[in-house]
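# Observations on chain architecture
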Amino acid sequence: MLPLTGPLSGIGSTIKHIEEQQRAVQQSLLTSLAGPLGDISKTSQWASTLGMFDTAKINQLLGGGLGSAVEDMRFAIAKNLIGPAALDQTKIGAALGLTTRFEADFATTQLKMATLAGIGEVYDRRSHFQLDAYHSLFGTWRTSIDLPENFWRDRRVRKRMYRDAEVDEGLIVAQPAMALEIMIESGLTPGLRSEADAVAVVTFGEVSMTVRSGGTSRDAYALVEQLEQGLRSYIERKLEGRFGPDWFKLRASNLIGKAKDIRKTAMARGEKFAPLINFTELGDLSNIIKNTKNWDEVFGDVFKEKTEFDHDMQKLIAIRRPTMHIRAIDSVLLVEAICVMKRLADQMSDDGAWKIVADSDR
């Protein structure tokens, strides 16, 4: 092939420069989505999605009770998102590349995700509408550590079990990349779409991470690992603040031997000394929190329902298993895990503040 000369000779470097600029703009937007812009974009997206459906369709897909709650939300949106506000909403979506309208099967899934997102913002977290919205998407499904091995090996088995639990059909058949796009479009999580991929932003306290449509399984594992680190730090802060530097011996004594063995092995490999809490696994952390004394005296006001907390942790532990790293995460597992991690992160961020408000004399 002859080398390019004249004006065309610089086309390679020009394209590279454009791509670098686009990446820089995207990275800037992603950073912004971890803050107030992310909250605004989420609200904008679920509000826009709910506006796509008429009352009859919403009641048909969601049922009367939840449909009425959504209709109230739609009425409030219609009153507030008019004129310049509606134009700003459109501009936000366009700037983030969020203008897709999915075909009928996935439009229903988008409505259910938008309902879950909107209910989470408008209604109290303990409202039954929260549970209703979650069940509209996942039915009675919950991932657990005791699922049969063929569930993980055979997608046909998973689909059958999902359908038996009445999981949303669009979520069952969607590829993970599509499910991630629907999450972003629905406002269930902030994110953007570029020509290359869709990118969701998930925030845990001060830490924000991305999940890209081109690497959903890898990024999902990284999210669980980050949540595990955050939970470890949270437990240490809460129990050390309450019981002093010897809290592990006082409140997790059954884990001392196991954690010491893991630490000894790690230090033999050259790792530096660290407190024993750093050598615990996600299941250990769950057990520390669920310990009767720890739950009653420290964590009950944070996570509220022990059974629900246990279910949430089982979902993450099932994905965190080492064998899962050689398996792809499907759309149901991906969306379920992100919902669970966001819920746990929100509970830790609230840190039991709801109880103080509830007990106030006002």
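My aim in this report is to walk through the structure given alongside it, one point at a time. (Residues numbered from 1 in each chain as written. Predicted model: local features only at pLDDT ≥ 70, side-chain atom pairs only at ≥ 80, totals over all residues. Heavy atoms only, no water.)

When helices and strands are tallied, the protein chain shows 19 helices and three strands. Counting only contacts in the protein chain whose residues sit at least 6 apart along the sequence, the fraction spanning at least 24 positions is 68%. Entry remark: accessible area of the protein chain is about 18,600 Å², with carbon and sulfur atoms responsible for 53%. (Helix = DSSP H or I, 4+ residues; strand = E, 2+ residues; numbered from the N terminus. Contact = heavy atoms within 4.5 Å. Areas by Shrake-Rupley, 256 points an atom, 1.4 Å probe, with all protein chains shown as cover.)

Here the focus is the pairing of strand β2 (residues 198–204). The element β2 is extensively covered by neighbouring structure, given that six of its seven residues are classed as buried. Bridge analysis of strand β1 (residues 191–193) against β2 gives three bridges, and the strand direction is antiparallel. Paired with Arg193 across the two strands is Ala198, which belongs to β2. With six bridges joining them, β2 and strand β3 (residues 207–212) adopt antiparallel strand pairing. When the bridges of β3 are listed, Ala200 appears paired with Val211. Once β2 ends, the chain turns through two residues before running back antiparallel as β3, passing Gly205 with a positive phi of about 60°. (Buried < 20%, exposed > 50% of the residue type's maximum accessible area, 1.4 Å probe, protein only. Pairing = 2+ DSSP bridges.)

What follows covers the pattern of salt bridges. All chains considered together, the criterion is met by 19 salt bridges. For the salt bridge of Glu228 with Arg232, the shortest nitrogen-to-oxygen distance reads 2.8 Å. Here the residue Glu228 and the residue Arg232 both occupy positions in helix α12 (residues 216–243), the gap between them amounting to four residues, near one helical turn. Residue classification places Arg232 among the buried positions, given a relative accessible area of 11%. (Salt bridge = Lys/Arg side-chain N within 4 Å of Asp/Glu carboxyl O.)

The topology assignment puts Thr216 in helix α12. A relative accessible area of 9% means that Thr216 is categorised as buried. Setting aside chain neighbours within four positions, we find Thr216 in contact with Pro176, Ala177, Leu180, Val211 and Leu334.

Pairing is antiparallel in the open sheet, where three strands are placed in the order β1-β2-β3. With partners counted over all chains shown, the strands left at the sheet margins are β1 and β3, one partner each. The average undirected angle you get between the axes of adjacent strands in this sheet is 20°. Sitting on the sheet, α12 is in contact with β2 and β3, with an inclination near 160° to β3. (Axes fitted to C-alpha atoms, helices over the stretch in contact; angles between N-to-C directions.)

A word on the nonpolar core. In terms of nonpolar packing, the biggest core is built from 101 residues, with Leu171, Leu231, Ile235, Phe248, Phe299, Phe303 and Val335 touching the most fellow members. Examining the composition of this core, we find that 12 residues originate from one element, helix α18 (residues 331–350), more than from any other. In contact with Leu231, not counting residues within four places along its chain, are Leu282, Leu285, Ile289, Phe303, Met313 and Met348. (Core = buried A, V, L, I, M, F, W, Y, C linked by side-chain atoms within 4.5 Å.)

Moving on: the packing of helix α6 (residues 104–122) against helix α7 (residues 128–138). Close contact between α6 and α7 brings their axes to 9 Å; oriented N to C, the two are set at 160°. By the criterion of interaxial angle, the relationship of α6 to α7 is roughly antiparallel. For the crossing formed where α6 meets α7, the hand is left-handed. Taking contact as the criterion, the partners of Thr109, Lys112, Met113, Thr115, Leu116, Ile119 and Gly120 in α6 are, on α7, Phe129, Gln130, Ala133, Tyr134, Ser136 and Leu137. Its residues assigned to classes, the contact of α6 with α7 comprises seven nonpolar, five polar and one charged. (Parallel < 35°, antiparallel > 145°, perpendicular 65-115°, else oblique. Left-handed = near helix turned anticlockwise from the far one by under 90°. Nonpolar A, V, L, I, M, F, W, Y, C, P; charged D, E, K, R; others polar.)

Overall, the coordinates contain 12 aromatic pairs when judged by the stated rule. Both rings, one in Tyr234 and one in Phe303, keep their centres 6.4 Å apart while their planes meet at 80°; by these two values the pair is edge-to-face. Remark: Phe303 occurs in helix α16 (residues 292–303) and Tyr234 occurs in helix α12; sequence separation between them is 69 residues. Since its relative accessible area comes to 3%, Phe303 is described here as buried. Through pairs of rings, three or more aromatic residues link up here, namely Tyr234, Trp295, Phe299, Phe303 and Phe309. Residue placement shows Arg158 over the ring face of Phe151; its charged tip is 6.0 Å from the ring centre. A cation over an aromatic ring shows up here: Arg343 above the ring of Tyr134, its NZ or CZ 5.3 Å from the ring centre. (Phe/Tyr/Trp six-rings, centres within 6.5 Å; stacked < 30°, edge-to-face > 60°. Lys NZ or Arg CZ within 6 Å of the ring centre and 35° of its normal.)

Turning our attention to the environment of Ala345. Structurally, Ala345 is set in helix α18. Among all residues touching Ala345, those that are not within four sequence positions of it are Thr203 and Phe204.

With 13 residues, helix α14 (residues 256–268) ought to run about 18 Å at 1.5 Å a step, and its terminal C-alpha atoms sit 18 Å apart, in line with that. Tucked inside the fold, the buried residues of α14 contact α13 (247–251). A positive backbone phi angle near 105° is found at Gly270, which sits one or two residues after α14. (Expected span 1.5 Å × (residues − 1).)

This brings us to the environment of Ala328. Of note, Ala328 is situated in the loop between α17 (306–320) and α18. Spatially, the C-alpha atom of Ala328 lies 8.5 Å from that of Thr216, the residues being 112 residues apart in sequence.

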